[in-house]
Amino acid sequence: MRITLVQPYITTKSIPKEYYNIQSFGLSAELIKRGFDVTILTTNLIRPEVRSYKDRLRRFEENINGLKVAYIPTLATPGALPIFPTLPMEINKSKPDLVQAAEDSQLATLSAVMCCKAMRIPLVVYQGMYSFTHSHARIRKLYSKTAGQFVYKLANAFVCKSNAAKEYVITQGVHPERVHVVPVGFRTNNYKRLDDGSLQKYVKHSGGKTLISVGRLNYEKGFDTAILAMKNVVQEFPDTSYVIFGDGPEHNKLTRLIEENGLTDNVFIITEKILNTKMSFIYSGAYLHLIPSTYEIFNMTMLEALACGTPVVACKVGGMKDTIKHGATGFLFTPDSVDELTNHICNLLEDEKKWQMLSLQAQSDMDNYDWSMIAEQFMHVYDSLV
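It should be emphasised that the depicted structure is a prediction, and the values quoted were computed from it without experimental measurement. Residue indices follow the written sequence of each chain, beginning from 1 at its first position. Only residues with pLDDT of 70 or above have their local features reported here, since the model is predicted, and side-chain atom pairs are shown and tallied only from 80 upward, although totals for entire chains, interfaces and linings are computed over all residues. Think of the side-chain values as coming from all heavy atoms in the structure, minus any hydrogens and water.

**Overview of the environment of Tyr295**
- Numbering of helices and strands runs from the N terminus, with a helix taken as a DSSP run of H or I at least four residues long and a strand as a DSSP run of E at least two residues long. Take Tyr295: it is sitting in the loop between strand E12 (288-291) and helix H10 (300-307).
- According to the relative accessible area criterion, Tyr295 is buried, its value standing at 10%.
- Residues Tyr295 and Pro335, 40 residues apart in the sequence, show an inter-C-alpha distance of 8.8 Å. Between buried and exposed lies partly exposed: a residue is buried under 20% and exposed over 50% of the maximum accessible area for its type, with that area taken using a 1.4 Å probe on protein chains only.

Set out below in structure tokens:
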């Protein structure tokens, strides 16, 4: 079967950029193993050769371990929604049996839907968004009420990353029978419980337990909630540490919050880049992984931490509601609730037997999220359409 993925923003192993979609590579690699012919169509803006507006009209090709990637001309990116003027020609050139496009709100998805309808090619929308609480919300909300309606009516199926995304597209008028929930996958073999003590170099208290968070320091990540919860935690467990690995626009604000609450000996922000190959040691050295995000499509660090046997305490939103088994692999709390987060942390700091149970169950559950398992679910959807 020939599959074409319309993925507006990705990156390759050699071109790190702000926008990326590692899921496209994970799924594609697994499909290729099963004999699929896979092509990704994406923006040429991530190519180092594109330096001027004129360069945007150039096309590039790359073959990555059997995966064909075409970096196609990009005219503009209003609200991070790139416009691909040659997309219909690119889809026709790839001769697909099925096209998969990313997100209902992308202009590329609208173009792909119209093109596939004319060519009588089945199209699947891979959906993660479930609300308009993130950047460019006004543009996206207007789009969903106007041109986006063509996507909801004409797409043959939606594969949603969470039940929250499923509920969202159904409210837009998509029939439930056309909606499938398939979680995000990852390479489970890359994350194992391997504690070499490397996490301890980032904390001052050598005898206490360490909590961590990993992510960009954006407002919706909710790190201020975790910091305020730590103020309560250290009153009962003074040698507990909390390390946030990341950087972003909220860095100075969070630093001030740490200082104002007298937490400089317990809470640390580490902007140093940690190699992916080292992250298993970071997760494994942590007692808990906190994800206080108020908006989260599907947090990859959640899967990585759980695979390393580190229980997760996370906000009850997005894909985290589906993945974390409350009381079995971690705990969920109401967004912005400092008290709930505090209680879950303190209860687990007191009860190491409970922590051990969560740790074992977390590692066991993650086998279901390996790309070898997730790809099978995608293939089931594809087979029903082709």
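**Some details on the sheet that holds strand E11 (residues 267-270)**
- When DSSP locates at least two bridges between a pair of strands, those strands are taken to pair. Pairing within the open sheet is parallel, and its six strands lie in the order E11-E10-E9-E12-E13-E14. Strand pairing shows two members of the sheet lacking a second neighbour, E11 and strand E14 (330-333), which therefore form its edges. The average undirected angle you get between the axes of adjacent strands in this sheet is 20°.
- Both strand E13 (residues 312-315) and E14 contribute to a ladder of four bridges, which runs parallel. In this analysis an axis means a line fitted to C-alpha atoms, helices contributing only their contacting stretch, and an angle means the value between N-to-C directions, from 0 to 180 degrees.

**Examining the packing of aromatic side chains**
- Only centres within 6.5 Å qualify two rings of Phe, Tyr or Trp (six-membered ring in Trp) as a pair; their planes then separate them into stacked at under 30 degrees, edge-to-face at over 60, and tilted for everything else. Going through the model one piece at a time under the given rule, you end up with eight aromatic pairs.
- Taken together, a centroid distance of 4.6 Å and an interplanar angle of 25° make the contact between Tyr130 and Tyr295 stacked. Placement of Tyr130 in the loop between strand E6 (123-127) and helix H4 (137-145) and of Tyr295 in the loop between E12 and H10 is noted, with a sequence separation of 165 residues between them. By the burial criterion, Tyr130 is buried, and Tyr295 matches it.
- Members of the aromatic cluster, connected to one another through ring pairs, are Tyr126, Phe378 and Tyr382.
- In this analysis the charged atom, NZ for Lys or CZ for Arg, is taken to sit over a ring once it is within 6 Å of the ring centre and within 35 degrees of the ring normal. Of note, Arg47 hangs over the ring of Tyr71, and the distance from its end group to the ring centre comes to 4.8 Å.
- The residue whose ring lies beneath Lys209 is Tyr287, and the NZ or CZ to ring-centre distance is 5.2 Å.

**Notes on the pattern of salt bridges**
- Salt bridges are defined by distance alone: a side-chain nitrogen of Lys or Arg within 4 Å of a carboxyl oxygen of Asp or Glu. Applying the stated rule across the entire model yields 17 salt bridges.
- For Glu30, the salt bridge identified is with Lys33, shortest N-O distance 3.9 Å. Taken together, the residues span about one helical turn, with Glu30 and Lys33 both in helix H1 (residues 22-33) at a distance of three residues.
- Overall, the relative accessible area of 63% leaves Lys33 in the exposed class.
- Residue Asp365 is joined to Lys325 by a salt bridge in which the shortest nitrogen-to-oxygen separation is 3.1 Å. With Asp365 in helix H13 (residues 352-365) and Lys325 in the loop between helix H11 (318-323) and E14, the pair connects residues that are 40 residues apart, well separated along the chain.
- Residues joined in a network through salt bridges with shared partners are Glu30, Lys33, Arg34, Arg187 and Glu376.

**Observations concerning the nonpolar core**
- Ranked by internal contacts, the top residues of the largest apolar core, which has 130 residues, are Phe158 and Tyr242.
- When residues no more than four places from it in sequence are discounted, the contact partners of Phe158 are Asp104, Val125, Gln127, Val151, Tyr152, Val169, Val174, Arg178, Val179 and His180. Working definition of a nonpolar core: buried Ala, Val, Leu, Ile, Met, Phe, Trp, Tyr and Cys residues. They are joined through side-chain atoms within 4.5 Å. Contacts: residue pairs with any heavy atoms within 4.5 Å of one another.

**Describing helix H8 (residues 251-260)**
- The set of residues buried in H8 consists of Leu254, Leu257 and Ile258. Down the axis, H8 shows its buried residues gathered within 100° of arc, on one side only. In H8, the exposed residues that point more than 90 degrees away from the buried face are Asn252, Glu259 and Glu260.
- In this fold, the buried residues of H8 make contact with helix H7 (223-236) and E11.
- Immediately beyond the C-terminal end of H8, within one or two residues, lies Gly262, with a positive phi of roughly 65°. In this description, the arc belongs to the directions extending from the helix axis to the C-beta atoms.

**Thoughts on the packing of H7 against helix H12 (residues 338-350)**
- It is at 9 Å that the axes of H7 and H12 come closest, and there the two elements cross at 45°. If you check the angle between H7 and H12, you find them oblique. Here H7 and H12 pass one another in a crossing that is right-handed. Contact residues: H7 offers Thr225, Ala226, Leu228, Ala229, Asn232, Val233 and Glu236, while H12 offers Val338, Asp339, Leu341, Thr342, Ile345, Cys346, Leu349 and Glu350. An angle below 35 degrees is treated as roughly parallel, one above 145 as roughly antiparallel, one from 65 to 115 as roughly perpendicular, and anything else as oblique. Two helices crossing with the near one rotated counterclockwise from the far one by less than a right angle form a left-handed crossing, whereas a clockwise rotation gives a right-handed crossing.

**Comments concerning the sheet that holds strand E3 (residues 60-64)**
- Strand order in the open sheet formed by eight strands is E3-E4-E2-E1-E5-E6-E7-E8, with mixed pairing between adjacent strands. Of all strands in the sheet, those bounded by a partner on one side alone are E3 and strand E8 (179-181). Geometrically, the sheet is characterised by an average inter-axis angle of 20° between neighbouring strands, direction not taken into account.
- Relative to the sheet, helix H6 (residues 163-171) contacts E6, strand E7 (157-160) and E8, its axis offset from that of E8 by approximately 170°.

**What about the side chain of His344?**
- Residue position: His344 is located in helix H12.
- If we skip the residues at most four places from it in the chain, His344 touches Val313, His326, Phe331, Leu332 and Phe333.

**Some words on the confidence of the model for the protein chain**
- The score called pLDDT rates the predictor's confidence residue by residue, from a low of 0 to a high of 100. This prediction gives the protein chain a mean pLDDT of 91; 95% of its residues lie at or above 70.
- This stretch, residues 12-21, has a pLDDT under 50; its non-local contacts, to residues over four places away or in other chains, come to 22 contacts.

**Concerning the environment of Met129**
- Relative to the assigned elements, Met129 resides in the loop between E6 and H4.
- Between the C-alpha atom of Met129 and that of His326, which follows or precedes it by 197 residues, the distance is 23 Å.

**Side note on the side chain of Ser284**
- Along the polypeptide, Ser284 turns up in helix H9 (residues 279-285).
- What makes Ser284 buried here is its relative accessible area of 1%.
- Definition of a polar contact: a pair of N or O atoms within 3.5 Å, with one able to donate and the other able to accept a hydrogen when the atoms are protein atoms, and with sequence-neighbouring residues admitted only if both atoms are side-chain atoms. Within polar-contact distance, the side chain of Ser284 engages the backbone nitrogen of Leu194 at 2.9 Å.
- Setting aside chain neighbours within four positions, we find Ser284 in contact with Lys192, Arg193, Leu194, Asp195, Cys308 and Thr310.

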